Amino acid sequence: MKTHYTKPSITDLEVQYVTDAAANGWGDRCYEYIEMFESKLRGAFDAQYAIATSSCTGALQMGLHALGLGRGDEVIMADTNWVATAAPVLHLGATPVLVDIEPDSWCIDPEAVVESLTPNTKAIVATHLYGNVADMERLQSIAVEAGVSLIEDAAEAIGSYWRERHVGGLGTFGVFSFHGSKTITTGEGGALVTDDPELHCTVLQLSNHGRSQSQMLDFIPDRIGYKYKISNVQAALGCAQFERFEELVQRKRTIFETYRSLLSDLPVYWNVERPSCQNGYWLPTIVPMRQAKFDRKGFINECRQQDIDVRPFFRPLSSMGAVRKKAVCRPNCQSEFAGEFGVNLPSYFDMTEQQQVSVSSTLKKFFA
Ligand SMILES: *Cc1c(COP(=O)(O)O)cnc(C)c1O
């Protein structure tokens, strides 16, 4: 039996909603599931406004566009990131400034942010990596003091909370992904959440070919926008998944705790749960301690033989030629180390304890 890296949990509820949307969600009912989905997003993510989009990447690009980001502007983000966090900045002609991560949370290091602020800095992007919550307290005060926007890439942080508030709703705006690999899925899909009515209005307009709300019936754009809306059928899938929010997040947490107890004696760092935070544990991840001897290549090869899908930790963006030549790259020794030795372990709703035991015993063999 194959052990997947991630895989959605689809029950009769999802099938029922999607079937209804496909059969009946047209004409007068063509936005019904989208509206329901957006209301669930506002509730779950503690935000005044939510816009469902076709992807997280698109949501991020529209949010940055709405802030007026352009040529000459700098956006500080962690070097350890998925390329989707940097690409929208580059599409808008601005410059990503790639800084190091904290060794324990693997999220952007606030002190590295301070060292990288310039008069051109327009925004800081905090990515809550693998469910770990970035140091929002410090980042908020840095952003306020510097007069720049604080943006949360919460694609990997469904079910992660900072002081009882869901992440994503803490800064200027936040974005989420509902890609098939994420904790909650719509197949492809994303969202932007914010408490700022003006930003909400601009992104809404951008997401619908630049047409303002009052012009919906005419084919006249007020500006050149995007077409990054979600479909009603995808939103129906999302509605069913959100009704199972607690169950889906809880399962991720249980899987994480099981690995942790099976592997309690390994000399590694695990995803952290900071004081007064909750971690949604999107991907249970290990980074060996500096003195540990871990043969990552051997482990990944052995997993392939056993039909277990494990993934290497994100490589620093600065190690990719296509990004590096358009970015400012700052010292990144923690990003380098985690990228060279870290591993994401499989975690999905239907995986069995036996599968977790066999991943764990394989992993142990590759620590000397
Ligand atoms: C998955 C992911 C994205 C992109 O999400 P899409 O919905 O595929 O666009 C962006 N940022 C991070 C950190 C991610 O993990």
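About the thresholds
- Residues numbered from 1 in each chain as written.
- Predicted model: local features only at pLDDT ≥ 70, side-chain atom pairs only at ≥ 80, totals over all residues.
- Heavy atoms only, no water.
- Near = heavy atom within 4 Å.
- Polar contact = N/O pair within 3.5 Å; in protein donor to acceptor, adjacent residues only side chain to side chain.
- Areas by Shrake-Rupley, 256 points an atom, 1.4 Å probe, with all protein chains shown as cover.
- Helix = DSSP H or I, 4+ residues; strand = E, 2+ residues; numbered from the N terminus.
- Nonpolar A, V, L, I, M, F, W, Y, C, P; charged D, E, K, R; others polar.
- Phe/Tyr/Trp six-rings, centres within 6.5 Å; stacked < 30°, edge-to-face > 60°.
- Buried < 20%, exposed > 50% of the residue type's maximum accessible area, 1.4 Å probe, protein only.
- Pairing = 2+ DSSP bridges.
- Salt bridge = Lys/Arg side-chain N within 4 Å of Asp/Glu carboxyl O.
- Axes fitted to C-alpha atoms, helices over the stretch in contact; angles between N-to-C directions.
- Parallel < 35°, antiparallel > 145°, perpendicular 65-115°, else oblique.
- Left-handed = near helix turned anticlockwise from the far one by under 90°.
- Contact = heavy atoms within 4.5 Å.
- Right-handed = clockwise from strand over helix to strand, strands pointing away.
- Core = buried A, V, L, I, M, F, W, Y, C linked by side-chain atoms within 4.5 Å.

Enquirer: What exactly am I supposed to notice about the site of the ligand here?
Expert: If you check the shell around the ligand, you find 13 residues, and the closest are Thr-57, Asp-153, Glu-156, Ser-177 and Lys-182. Between an oxygen atom of the ligand and a main-chain N or O atom of Cys-56, the distance comes to 3.0 Å. One of the side-chain nitrogen or oxygen atoms of Asp-153 is found 2.7 Å away from a nitrogen atom of the ligand. Burial of the ligand by the protein chains amounts to 92% of its free accessible area of 390 Å². Elements with a contribution of two residues or more to the shell around the ligand: α3 (56-66) and α4 (83-91). Residue composition of the shell around the ligand, grouped by class: 4 nonpolar, 6 polar and 3 charged.

Enquirer: Explain the packing of aromatic side chains to me, please; I cannot follow it from the model alone.
Expert: The description of two aromatic rings rests on the distance between their centres and on the angle between their planes. Enumeration according to the criterion identifies 21 aromatic pairs in this entry. Centre to centre, the rings of Phe-37 and Phe-178 are 5.5 Å apart; their planes meet at 65°, and the pair counts as edge-to-face. Remark: Phe-178 occurs in the loop between β8 (173-177) and β9 (190-194) and Phe-37 occurs in helix α2 (residues 32-44); sequence separation between them is 141 residues. The class of Phe-37 is buried, set by a relative accessible area of 0%. With a relative accessible area of 0%, Phe-178 lands in the buried category.

Enquirer: Help me understand the sheet that holds strand β10 (residues 268-270), please; the structure alone is not making it clear to me.
Expert: The strands that make up a sheet are held in pairs by hydrogen bonds between backbone atoms, and each pair lies either parallel or antiparallel. An order of β10-β12-β15-β13 is seen for the 4 strands of this open sheet, with the pairing classed as antiparallel. Each edge of the sheet is formed by a strand with only one pairing partner; in this case those strands are β10 and β13 (311-312). Note: β10 against strand β12 (residues 285-288), 3 bridges, orientation antiparallel. Its bridge partner lying in β12, Val-268 is registered against Pro-288.

Enquirer: It is not clear to me how the pattern of salt bridges should be interpreted in this structure. Could you clarify?
Expert: Pairing is possible between side chains of opposite charge, provided their charged atoms come close. A full pass over the atoms with the stated rule returns 12 salt bridges. For Glu-102, the salt bridge goes to Arg-274, with nearest N and O atoms at 2.6 Å. A residue pair is termed long-range when its members are at least 10 positions apart, and Glu-102 in the loop between β3 (95-99) and α5 (110-116) and Arg-274 in the loop between β10 and β11 (277-278) qualify at 172 residues. What makes Glu-102 buried here is its relative accessible area of 12%.

Enquirer: In this structure, what is going on with the packing of helix α9 (residues 245-262) against helix α13 (residues 353-365)? I would like to understand it.
Expert: Packed helices, taken two at a time, are described by their axes: the angle between them and the distance between them. Running from N to C, α9 and α13 cross one another at 40°; their axes reach a closest spacing of 10 Å. By the angle between their axes, α9 is oblique relative to α13. Between α9 and α13 lies a crossing of right-handed hand. Contacts between α9 and α13 involve Ile-255, Thr-258, Tyr-259 and Leu-262 from the former and Glu-353, Gln-356, Val-357, Val-359, Ser-360 and Lys-364 from the latter. Here the contact of α9 with α13 is built from residues that sort into 5 nonpolar, 3 polar and 2 charged.

Enquirer: Would you explain unusual backbone geometry in this entry?
Expert: Most peptide bonds take the trans configuration, and most residues that are not glycine carry a negative phi. At Trp-106, a position not held by glycine, the phi torsion is positive, near 65°. One can find Trp-106 in the loop between β3 and α5. One non-glycine residue, Asp-307, lies in the positive phi region at around 65°. Relative to the helices and strands, Asp-307 is located in the loop between α10 (296-305) and β13. Look at Asp-307 and you get partly exposed, because its relative accessible area is 39%.

Enquirer: I would appreciate a short explanation of the pairing of strand β4 (residues 121-127) in the present structure.
Expert: Where a strand is regular, its side chains alternate between the two sheet faces. Counting buried positions along β4 gives 6 out of 7 residues, so the element sits mostly inside the fold. Taken together, the 3 bridges between strand β2 (residues 74-78) and β4 define a ladder with parallel strand orientation. Looking at β4, one finds that Val-75 is bridged to Ala-123. Direction of pairing for β4 relative to strand β5 (residues 149-153): parallel, over a ladder of 5 bridges. Bridge pairing in β5 places Ala-126 opposite Glu-152. One crossover worth recording links β4 to the parallel β5 by way of helix α6 (residues 136-146), and it is right-handed.

Enquirer: Quick question: what am I supposed to make of the side chain of Arg-253 here?
Expert: With respect to the helices and strands, the residue Arg-253 is situated in helix α9. Relative accessible area serves as the criterion here: at 17%, Arg-253 is assigned to the buried category. Excluding residues that lie within four positions of it along the chain, Arg-253 makes contacts with Glu-273, Gln-278, Asn-279 and Tyr-281.

Enquirer: Just checking my understanding: could you explain the nonpolar core for this structure?
Expert: Residues Phe-45 and Phe-178 are the most contacted members of the largest nonpolar core, which totals 63 residues. Leu-64, Ala-155, Val-203 and Leu-317 belong to the second largest nonpolar core, which has 28 residues in total.

Enquirer: Whenever I open this one, the sheet that holds β4 confuses me. Can you help?
Expert: The mixed open sheet is built from 8 strands, whose spatial order is β1-β9-β8-β5-β4-β2-β3-β14. Every interior strand has two partners, whereas the edge strands, β1 (49-53) and β14 (328-329), have only one.

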